[in-house]
Amino acid sequence: MNPSRPFPYPKSRKLKPEELPEVYRALRRHFGHQDWWPGETPFEVMVGAILTQNTAWSNLEKAIANLRQAGVLSPEALRKISKKRLAALIRPAGYFNIKAERLKSFIQFFFKEYGGRLDRMRKERGTAPRTKLLSVKGVGPETADSMLLYALNRPIFVIDAYTKRIFARHRMMNFSESYDVWQKVFMSALPRQTSLYNDFHAQIVALGKALCKTSKPLCDYCPLSRYL
DNA sequence: GCCCAGGTGGGTA
DNA sequence: TACCCACATGGG
(Lines give C-alpha, C1' and ligand atoms only; values in the text may rest on other atoms or scores of the structure.)
Protein backbone atom coordinates (compact mmCIF):
# COMPACT_ATOMS: atom_id res chain seq x y z
CA MET A 1 0.00 0.00 0.00
CA ASN A 2 1.38 3.32 -1.02
CA PRO A 3 -0.32 6.05 1.03
CA SER A 4 1.35 8.76 -1.00
CA ARG A 5 -0.42 7.63 -4.17
CA PRO A 6 -2.63 10.41 -5.49
CA PHE A 7 -6.17 10.35 -4.18
CA PRO A 8 -8.01 8.71 -7.10
CA TYR A 9 -11.58 9.63 -6.22
CA PRO A 10 -13.68 12.79 -6.50
CA LYS A 11 -13.58 15.26 -3.68
CA SER A 12 -16.05 14.18 -1.07
CA ARG A 13 -17.49 15.67 2.05
CA LYS A 14 -15.69 14.80 5.23
CA LEU A 15 -16.95 11.85 7.21
CA LYS A 16 -17.17 12.66 10.91
CA PRO A 17 -16.18 10.08 13.53
CA GLU A 18 -19.56 10.67 15.21
CA GLU A 19 -21.11 9.09 12.14
CA LEU A 20 -19.31 5.78 12.70
CA PRO A 21 -22.29 4.05 14.38
CA GLU A 22 -24.40 4.98 11.36
CA VAL A 23 -21.65 3.83 8.98
CA TYR A 24 -21.58 0.51 10.77
CA ARG A 25 -25.34 0.11 10.33
CA ALA A 26 -25.03 0.93 6.61
CA LEU A 27 -22.33 -1.70 6.13
CA ARG A 28 -24.27 -4.24 8.12
CA ARG A 29 -27.40 -3.64 6.06
CA HIS A 30 -25.34 -4.21 2.92
CA PHE A 31 -23.29 -7.25 3.93
CA GLY A 32 -25.39 -8.73 6.73
CA HIS A 33 -24.05 -9.75 10.13
CA GLN A 34 -20.67 -11.39 9.55
CA ASP A 35 -20.36 -13.32 12.82
CA TRP A 36 -16.75 -13.41 11.86
CA TRP A 37 -14.23 -15.65 13.50
CA PRO A 38 -11.00 -15.98 11.55
CA GLY A 39 -10.06 -19.36 12.96
CA GLU A 40 -11.56 -22.47 14.48
CA THR A 41 -10.10 -21.96 17.95
CA PRO A 42 -8.79 -18.93 19.88
CA PHE A 43 -5.26 -20.31 19.68
CA GLU A 44 -5.59 -20.69 15.93
CA VAL A 45 -6.68 -17.06 15.80
CA MET A 46 -3.48 -16.02 17.55
CA VAL A 47 -1.33 -18.04 15.15
CA GLY A 48 -3.30 -16.64 12.22
CA ALA A 49 -2.79 -13.09 13.48
CA ILE A 50 0.96 -13.50 12.97
CA LEU A 51 0.73 -15.42 9.71
CA THR A 52 -1.60 -12.88 8.09
CA GLN A 53 0.82 -9.97 8.45
CA ASN A 54 0.89 -8.13 5.12
CA THR A 55 -0.39 -11.24 3.40
CA ALA A 56 -3.45 -12.24 1.38
CA TRP A 57 -5.94 -14.21 3.46
CA SER A 58 -6.00 -17.08 0.93
CA ASN A 59 -2.28 -17.63 1.48
CA LEU A 60 -2.71 -17.65 5.24
CA GLU A 61 -5.39 -20.35 4.90
CA LYS A 62 -2.98 -22.63 3.04
CA ALA A 63 -0.41 -22.23 5.79
CA ILE A 64 -2.97 -22.95 8.53
CA ALA A 65 -4.15 -26.02 6.61
CA ASN A 66 -0.54 -27.26 6.47
CA LEU A 67 -0.13 -26.77 10.21
CA ARG A 68 -3.36 -28.62 10.92
CA GLN A 69 -2.46 -31.43 8.53
CA ALA A 70 0.88 -31.82 10.30
CA GLY A 71 -0.89 -31.84 13.66
CA VAL A 72 1.10 -28.92 15.05
CA LEU A 73 -1.68 -26.40 15.60
CA SER A 74 -1.31 -26.46 19.38
CA PRO A 75 0.95 -24.56 21.80
CA GLU A 76 2.83 -27.73 22.79
CA ALA A 77 3.45 -28.90 19.22
CA LEU A 78 4.52 -25.46 18.05
CA ARG A 79 6.94 -25.29 20.94
CA LYS A 80 8.53 -28.59 19.97
CA ILE A 81 8.69 -28.21 16.19
CA SER A 82 11.96 -27.04 14.68
CA LYS A 83 12.05 -23.57 13.19
CA LYS A 84 13.15 -25.04 9.89
CA ARG A 85 10.20 -27.43 9.65
CA LEU A 86 7.81 -24.72 10.81
CA ALA A 87 9.07 -22.39 8.09
CA ALA A 88 8.51 -25.10 5.47
CA LEU A 89 4.92 -25.64 6.64
CA ILE A 90 3.99 -21.95 6.59
CA ARG A 91 5.74 -21.29 3.29
CA PRO A 92 2.52 -20.37 1.39
CA ALA A 93 1.90 -17.47 3.81
CA GLY A 94 5.03 -15.70 2.54
CA TYR A 95 7.85 -14.24 4.69
CA PHE A 96 8.08 -17.79 6.01
CA ASN A 97 11.48 -17.44 7.68
CA ILE A 98 10.61 -14.30 9.56
CA LYS A 99 7.14 -15.60 10.48
CA ALA A 100 8.59 -18.86 11.78
CA GLU A 101 10.87 -16.74 13.96
CA ARG A 102 7.91 -14.63 15.12
CA LEU A 103 5.73 -17.66 15.86
CA LYS A 104 8.54 -19.16 17.88
CA SER A 105 9.08 -15.98 19.88
CA PHE A 106 5.33 -15.73 20.52
CA ILE A 107 5.11 -19.37 21.68
CA GLN A 108 8.10 -18.89 23.94
CA PHE A 109 6.39 -15.85 25.47
CA PHE A 110 3.07 -17.69 25.74
CA PHE A 111 4.66 -20.45 27.82
CA LYS A 112 6.89 -18.18 29.87
CA GLU A 113 4.08 -15.80 30.75
CA TYR A 114 0.99 -18.05 30.81
CA GLY A 115 2.26 -21.62 30.86
CA GLY A 116 0.93 -22.08 27.33
CA ARG A 117 -2.61 -21.70 28.64
CA LEU A 118 -5.15 -19.35 27.13
CA ASP A 119 -7.35 -19.33 30.24
CA ARG A 120 -4.50 -17.82 32.26
CA MET A 121 -4.11 -15.10 29.68
CA ARG A 122 -7.88 -14.52 29.74
CA LYS A 123 -7.89 -14.03 33.50
CA GLU A 124 -5.40 -11.20 33.36
CA ARG A 125 -7.27 -7.91 33.70
CA GLY A 126 -6.75 -4.48 32.20
CA THR A 127 -4.13 -3.57 29.64
CA ALA A 128 -1.46 -5.99 30.89
CA PRO A 129 -1.93 -8.59 28.12
CA ARG A 130 -1.68 -5.93 25.41
CA THR A 131 1.44 -4.40 26.92
CA LYS A 132 3.02 -7.82 27.25
CA LEU A 133 2.07 -8.88 23.71
CA LEU A 134 3.61 -5.70 22.32
CA SER A 135 6.89 -6.63 23.98
CA VAL A 136 7.10 -9.79 21.85
CA LYS A 137 9.31 -9.33 18.81
CA GLY A 138 7.12 -9.65 15.74
CA VAL A 139 3.90 -8.68 17.49
CA GLY A 140 2.91 -5.11 16.68
CA PRO A 141 -0.28 -3.23 17.56
CA GLU A 142 -2.52 -4.75 14.90
CA THR A 143 -1.40 -8.30 15.62
CA ALA A 144 -1.79 -7.79 19.39
CA ASP A 145 -5.23 -6.22 19.02
CA SER A 146 -6.41 -8.97 16.65
CA MET A 147 -5.46 -11.50 19.29
CA LEU A 148 -7.16 -9.52 22.05
CA LEU A 149 -10.39 -8.98 20.12
CA TYR A 150 -10.78 -12.28 18.30
CA ALA A 151 -9.11 -14.72 20.68
CA LEU A 152 -9.69 -13.11 24.09
CA ASN A 153 -12.95 -11.26 23.30
CA ARG A 154 -11.64 -7.94 24.60
CA PRO A 155 -13.37 -4.74 23.39
CA ILE A 156 -10.36 -3.46 21.38
CA PHE A 157 -10.87 -1.98 17.92
CA VAL A 158 -8.47 -3.40 15.32
CA ILE A 159 -7.08 -0.92 12.81
CA ASP A 160 -5.90 -2.53 9.60
CA ALA A 161 -4.96 -1.45 6.10
CA TYR A 162 -8.59 -1.72 4.91
CA THR A 163 -9.77 0.51 7.76
CA LYS A 164 -7.26 3.22 6.99
CA ARG A 165 -7.77 3.01 3.24
CA ILE A 166 -11.57 3.20 3.41
CA PHE A 167 -11.85 5.93 6.03
CA ALA A 168 -8.99 7.98 4.66
CA ARG A 169 -10.78 7.94 1.30
CA HIS A 170 -13.85 9.26 3.05
CA ARG A 171 -11.60 11.95 4.49
CA MET A 172 -12.37 11.08 8.09
CA MET A 173 -8.68 11.40 8.88
CA ASN A 174 -5.26 11.13 7.26
CA PHE A 175 -3.98 7.73 6.27
CA SER A 176 -0.62 8.49 7.81
CA GLU A 177 -1.91 9.13 11.34
CA SER A 178 -0.46 6.69 13.85
CA TYR A 179 -2.13 3.41 14.76
CA ASP A 180 -2.91 4.73 18.25
CA VAL A 181 -4.62 7.84 16.90
CA TRP A 182 -6.75 5.83 14.50
CA GLN A 183 -7.74 3.46 17.26
CA LYS A 184 -8.56 6.24 19.70
CA VAL A 185 -10.84 7.92 17.17
CA PHE A 186 -12.79 4.72 16.54
CA MET A 187 -13.01 3.71 20.18
CA SER A 188 -14.06 7.19 21.29
CA ALA A 189 -16.88 7.26 18.76
CA LEU A 190 -18.22 3.76 19.49
CA PRO A 191 -19.53 2.05 22.63
CA ARG A 192 -17.05 -0.39 24.18
CA GLN A 193 -18.60 -3.62 22.91
CA THR A 194 -16.65 -6.65 21.81
CA SER A 195 -19.44 -7.86 19.50
CA LEU A 196 -19.64 -4.45 17.82
CA TYR A 197 -15.86 -4.17 17.32
CA ASN A 198 -15.74 -7.74 16.04
CA ASP A 199 -18.49 -7.28 13.47
CA PHE A 200 -17.53 -3.73 12.45
CA HIS A 201 -14.00 -4.85 11.61
CA ALA A 202 -15.46 -7.82 9.73
CA GLN A 203 -17.71 -5.42 7.77
CA ILE A 204 -14.70 -3.29 6.88
CA VAL A 205 -12.84 -6.34 5.62
CA ALA A 206 -15.90 -7.45 3.63
CA LEU A 207 -16.01 -4.03 1.98
CA GLY A 208 -12.27 -3.97 1.42
CA LYS A 209 -12.32 -7.36 -0.26
CA ALA A 210 -15.34 -6.43 -2.39
CA LEU A 211 -13.62 -3.27 -3.57
CA CYS A 212 -10.48 -5.22 -4.47
CA LYS A 213 -12.55 -7.21 -6.94
CA THR A 214 -13.88 -4.24 -8.85
CA SER A 215 -12.17 -1.65 -10.96
CA LYS A 216 -15.10 0.74 -10.57
CA PRO A 217 -14.52 3.95 -8.66
CA LEU A 218 -15.22 3.50 -4.98
CA CYS A 219 -18.22 5.82 -4.88
CA ASP A 220 -20.04 3.98 -7.70
CA TYR A 221 -20.04 0.79 -5.77
CA CYS A 222 -19.47 1.46 -2.11
CA PRO A 223 -22.42 1.11 0.29
CA LEU A 224 -20.98 4.14 2.04
CA SER A 225 -21.53 6.34 -1.02
CA ARG A 226 -24.32 8.16 0.80
CA TYR A 227 -21.61 9.64 2.99
CA LEU A 228 -19.68 11.08 0.09
C1' DG B 1 5.55 -10.10 -16.41
C1' DC B 2 3.62 -6.80 -12.97
C1' DC B 3 1.09 -5.34 -8.93
C1' DC B 4 -0.52 -6.10 -4.56
C1' DA B 5 -2.05 -8.29 -0.09
C1' DG B 6 -5.90 -7.91 7.06
C1' DG B 7 2.59 -5.64 9.34
C1' DT B 8 6.84 -5.35 11.79
C1' DG B 9 11.46 -4.17 13.05
C1' DG B 10 15.77 -2.24 11.88
C1' DG B 11 18.53 1.40 9.91
C1' DT B 12 19.55 6.22 8.73
C1' DA B 13 19.16 11.46 8.88
C1' DT C 1 10.26 11.89 14.69
C1' DA C 2 10.12 10.61 9.78
C1' DC C 3 11.04 8.14 6.19
C1' DC C 4 13.38 3.82 3.76
C1' DC C 5 13.90 -1.01 3.37
C1' DA C 6 13.75 -6.25 3.81
C1' DC C 7 10.91 -9.93 4.29
C1' DA C 8 8.15 -13.78 -0.03
C1' DT C 9 4.19 -16.42 -1.70
C1' DG C 10 0.16 -16.69 -4.70
C1' DG C 11 -3.78 -14.65 -7.24
C1' DG C 12 -5.66 -11.34 -10.62
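Here the structure is shown first, and the text comes after it.
Residues numbered from 1 in each chain as written. Chains lettered and ligands numbered in written order. Predicted model: local features only at pLDDT ≥ 70, side-chain atom pairs only at ≥ 80, totals over all residues. Heavy atoms only, no water.

Colleague: Just give me the short version of the side chain of His201, but keep the residues and values in it.
Modeller: With respect to the helices and strands, His201 occurs in helix H12 (residues 194–212). On the basis of relative accessibility, which here comes to 5%, the residue His201 falls in the buried class. Excluding anything up to four places from it in sequence, His201 contacts Trp36, Tyr150, Val158, Asp160 and Thr163. (Helix = DSSP H or I, 4+ residues; strand = E, 2+ residues; numbered from the N terminus. Buried < 20%, exposed > 50% of the residue type's maximum accessible area, 1.4 Å probe, protein only. Contact = heavy atoms within 4.5 Å.)

Colleague: Describe the protein's contact with DNA strand C, with residues and values.
Modeller: Neighbouring residues of DNA strand C: Asn54, Asn59, Lys62, Arg91, Pro92, Gly94, Tyr95, Phe96, Asn97 and Ile98. In DNA strand C, atoms within 4 Å of the protein come 56% from sugar and phosphate. Arg91 is positioned with one of its side-chain polar atoms (N or O) 3.1 Å from a phosphate oxygen of DNA strand C. For the surface near DNA strand C, the secondary-structure elements that each account for two or more residues are helix H3 (57–69) and helix H6 (96–114). Its residues assigned to classes, the surface near DNA strand C comprises 4 nonpolar, 4 polar and 2 charged. (Near = heavy atom within 4 Å. Polar contact = N/O pair within 3.5 Å; in protein donor to acceptor, adjacent residues only side chain to side chain. Nonpolar A, V, L, I, M, F, W, Y, C, P; charged D, E, K, R; others polar.)

Colleague: For the protein's contact with DNA strand B, give the residues involved together with the corresponding values.
Modeller: Taken together, 25 residues are adjacent to DNA strand B, and Trp36, Gly138, Gly140, Thr143 and Tyr162 come closest. Take the atoms of DNA strand B that sit within 4 Å of the protein: sugar and phosphate atoms are 67% of them. One of the backbone N or O atoms of Glu142 is found 3.5 Å from a phosphate oxygen in DNA strand B. A distance of 2.7 Å is found between a phosphate oxygen of DNA strand B and a side-chain nitrogen or oxygen belonging to Thr143. Taken together, the elements giving at least two residues each to the surface near DNA strand B come down to helix H9 (141–150), helix H10 (161–169) and H12. Grouping the amino acids of the surface near DNA strand B by side-chain chemistry returns 10 nonpolar, 8 polar and 7 charged.

Colleague: Give a detailed account of unusual backbone geometry, specifying residues and quantitative values.
Modeller: One non-glycine residue with positive phi stands out, namely Asn54, at about 50°. Here Asn54 is to be found in the loop between helix H2 (42–51) and H3. A positive phi is found at Arg171, a non-glycine position, where the angle reads about 60°. Within the secondary structure layout, Arg171 lies in the loop between H10 and helix H11 (179–189).

Colleague: Could you give an account of the environment of Phe111, with specific residues and numbers?
Modeller: Position of Phe111 among the secondary structure elements: in helix H6. It is 35 Å that separates the C-alpha atoms of Phe111 and Gly208, two residues lying 97 residues apart in sequence. Excluding residues within four positions of it along the chain, Phe111 makes contact with Pro75, Glu76, Arg79 and Gly116.

Colleague: Run through H3, naming residues and quoting values.
Modeller: The end-to-end C-alpha distance of H3 is 18 Å, a good match for the 18 Å that 13 residues give at a rise of 1.5 Å each. Of all the positions in H3, only Leu60, Ala63, Ile64 and Leu67 are classed as buried. Take H3 and look down its axis: the buried residues cluster within an arc of 100°, on one side only. Among the structural elements, H2 and helix H5 (83–89) are those in contact with the buried residues of H3. Immediately beyond the C-terminal end of H3, within one or two residues, lies Gly71, with a positive phi of roughly 70°. (Expected span 1.5 Å × (residues − 1). Arc of directions from axis to C-beta.)

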